[in-house]
Amino acid sequence: MDQVDRVAGRVSLAALTGLVGGAAMATYKGHPLPKTCIATAASFALVGTACFGFERLSNVAIRQLTMAPSSQEDPNTEQVFYASHALGGMIGGGITGALFQHRPIPGMMLCTPLMIGVAYAELCLEKERKERLRQRLLTTNNEKSNDDTSDSEDNIESKA
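Residues numbered from 1 in each chain as written. Predicted model: local features only at pLDDT ≥ 70, side-chain atom pairs only at ≥ 80, totals over all residues. Heavy atoms only, no water.

1. Describing the pattern of salt bridges
- Following the criterion strictly, the structure yields 6 salt bridges and no others.
- Here Glu122 and Arg10 are joined by a salt bridge, their closest N and O atoms 2.6 Å apart. Taken as a pair, Glu122 in helix α4 (residues 104–159) and Arg10 in helix α1 (residues 2–29) lie far apart in primary sequence, 112 residues in all.
- Looking at Glu122, the relative accessible area reads 14%, which means it is buried.
- Ionic pairing is found between Arg134 and Glu131, a salt bridge with its closest N-O pair at 2.7 Å. With a gap of 3 residues between them, Arg134 and Glu131 both fall in helix α4, about one helical turn apart. (Salt bridge = Lys/Arg side-chain N within 4 Å of Asp/Glu carboxyl O. Helix = DSSP H or I, 4+ residues; strand = E, 2+ residues; numbered from the N terminus. Buried < 20%, exposed > 50% of the residue type's maximum accessible area, 1.4 Å probe, protein only.)

2. As for the layout of surface pockets
- In this structure, the largest pocket occupies an estimated 1000 Å³ of space.
- Those elements that provide at least two residues to the lining of the largest pocket are α1, α2 (33–66), α3 (77–101) and α4.
- A class-by-class count of the residues in the lining of the largest pocket yields 17 nonpolar, 8 polar and 7 charged.
- There is about 150 Å³ of room inside the second largest pocket.
- For the lining of the second largest pocket, the secondary structure elements donating two or more residues are α1 and α2.
- Here the lining of the second largest pocket gets 4 residues from one element, more than from any other, and that element is α2.
- For the lining of the second largest pocket, the per-class residue count stands at 2 nonpolar, 2 polar and 4 charged. (1 Å grid on protein atoms, 1.4 Å probe; cavity = no way out; pocket = protein on both sides within 12 Å on 5 of 7 lines; lining within 4 Å. Points joined across faces, edges and corners; volume = space filled by probe spheres on them. Nonpolar A, V, L, I, M, F, W, Y, C, P; charged D, E, K, R; others polar.)

3. What about the nonpolar core?
- Val7, Val11, Ala45, Cys51, Phe52, Cys111 and Met115 form the largest nonpolar core, which has 7 residues in total.
- Looking at this core, the elements that each hand over two or more residues are α1, α2 and α4.
- Counting residues per element, this core draws most heavily on α2, which supplies 3 residues. (Core = buried A, V, L, I, M, F, W, Y, C linked by side-chain atoms within 4.5 Å.)

Structure (structure tokens):
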């Protein structure tokens, strides 16, 4: 279920991006705003579903194929992450390219670098989140140890 939630969040973000892009395009070109926004959002959601859906499938497949049967360790997660995003961009881009233009190669050429860029952004955000969490834990531990030290100093002074 976690995989579905991950895809749903990214597809929703893609649809929202399409909605904003459709509004900008409709305003710039003078097209009807609601029709253009909805059509663009639907196209972005379709491309997002294809790319991120196949990214999740390829991530699971790569992890299953590269993990040794006797070990419980994950393979290099960053390489798997980039590989699954690239594969998802190729397969999803090929499908959407075939659907929209009847040419899968241009769809693959467009979506693969975009998906690799998404992978890079996700890894950067994850590293930043882990660093903030580590800093928060260090700050909490330092405050707790300072409180313990001051309590023990108060106990020593009260005994004297």
